Amino acid sequence: MCGRYVLAGDNSALSALGSEFGADLDPALGEHQFRPNYNVAPSSNVPVVTASAGGRVLAQVRWGIVPKWSKNSSTLLINARGESVAEKVTFARSFATRRILIPASGYYEWKRPAKDPYFISPPIGDSRIMPMAGLIADSVIDGQPVHTCAIITLAAAPNLEPIHDRMPACINSKNWDAWLDPSIDVQAALDLLVARTDLQAIPVGRAVNSVRNNSPVLIEELRAAD
DNA sequence: CCAGACGTTGTT
DNA sequence: GTCTGG
DNA sequence: CCAGACGTTGTT
DNA sequence: GTCTGG
């Protein structure tokens, strides 16, 4: 699954990324500054690329959908299974019309049973960004309407399976346009979900466990003693 | 008809 | 709210 | 996802 | 054990 990830880019990097996606910064963000985040956790606000009337926008939404039927806000849907996302009542409408890309440099996984943490990312030299497939929903949190998102997951690629059996779905860059287009067929959108086979996993230190820790050190490969 | 799930992951 | 299970 | 609180009254 | 916070 994907319950913690990394977005190393700062404001300028994300602006550059924005142009890569053909996206402008959401005017609603004002002078908002994006900072590199080596420990992105559920319930935090994350940058996402969405389609908008005028083209595409790099906006900020809260990670974790709180379903409308949920009385408290403790039900956080941070992932949606690609195998069923188009059918589940909770996700179907969002999947059909509100697909997004969630920029990431890589993500963390905790290998059971010891919960050894790993950082999983594109190979060195490859594009430093790995946009994950996601969707947006409208939630109500503390009585306020909030845009929230979830990351779509698939069965893990064979090389990652020893660590965990799920992984975030990605979209080939040539298909970003189609993915973000709310008018394409649901089946066509499903067909764009990819379980990348070229990601690399490296063991990292347990410092990543605590979200209070947030620095590039977290994604350095663990050597010798833990 | 009403009750209870509705989501994911991991664990039992 | 809406669907499924009993 | 994991970490850390989870409780009250009164005192500093 | 379970909930909240990050």
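Residues numbered from 1 in each chain as written. Chains lettered and ligands numbered in written order. Predicted model: local features only at pLDDT ≥ 70, side-chain atom pairs only at ≥ 80, totals over all residues. Heavy atoms only, no water.

Under the criterion given, the structure shown has 7 salt bridges. In this structure, Arg56 and Asp177 form a salt bridge, with 1.8 Å as the shortest nitrogen-oxygen distance. On the criterion of sequence distance, the pair formed by Arg56 in strand E5 (residues 55-63) and Asp177 in helix H3 (residues 176-180) is long-range, its members being 121 residues apart. Classification of Arg56 as buried rests on a relative accessible area of 19%. With a closest N to O distance of 2.8 Å, Glu83 and Arg166 form a salt bridge. Of the two residues, Glu83 sits in the loop between strand E6 (79-81) and helix H2 (89-97) while Arg166 sits in strand E12 (residues 166-168), which places them 83 residues apart along the sequence. Owing to a relative accessible area of 11%, Arg166 belongs among the buried residues under this scheme. The network of salt bridges with common partners includes Arg81, Glu83 and Arg166. (Salt bridge = Lys/Arg side-chain N within 4 Å of Asp/Glu carboxyl O. Helix = DSSP H or I, 4+ residues; strand = E, 2+ residues; numbered from the N terminus. Buried < 20%, exposed > 50% of the residue type's maximum accessible area, 1.4 Å probe, protein only.)

Attention now moves to the side chain of Glu109. By the secondary structure assignment, Glu109 is in strand E8 (residues 106-111). Buried and unpaired, Glu109 has no salt bridge, with Arg112 as the nearest side chain of opposite charge at 8.1 Å. Non-local contacts of Glu109, meaning those with residues more than four positions away in its chain, are made with Met1, Asp116, Pro117, Tyr118, Ile120, Ile163, His164 and Arg166. (Lys, Arg positive; Asp, Glu negative; His and termini not counted. Contact = heavy atoms within 4.5 Å.)

The subject of this paragraph is the sheet that holds strand E13 (residues 200-203). The strand order across the open sheet built from 5 strands is E3-E1-E8-E9-E13, with neighbouring strands paired in antiparallel fashion. Strands with a single pairing partner mark the edges of an open sheet, and in this sheet they are strand E3 (37-40) and E13. In this sheet, neighbouring strand axes are inclined to one another by 30° on average, regardless of whether the strands run parallel or antiparallel. (Pairing = 2+ DSSP bridges. Axes fitted to C-alpha atoms, helices over the stretch in contact; angles between N-to-C directions.)

Our next topic: the pairing of strand E7 (residues 99-102). On E7, burial covers both faces: Arg99 and Leu101 on one face and Ile100 and Ile102 on the other are all buried. Relative to strand E10 (residues 132-141), E7 is paired through 4 bridges, and the arrangement is antiparallel. Residue pairing for E10: Leu101 is matched across the bridge by Ala133.

On to the environment of Val6, then. As for its position among the elements, Val6 is in strand E1 (residues 5-7). When the C-alpha positions of Val6 and His147 are compared, they lie 21 Å apart, and in sequence the two are 141 residues distant. Setting aside residues no more than four positions away along its own chain, Val6 makes contact with Asn37, Tyr38, Ala104, Ser105, Gly106, Tyr108, Phe119 and Ile219.

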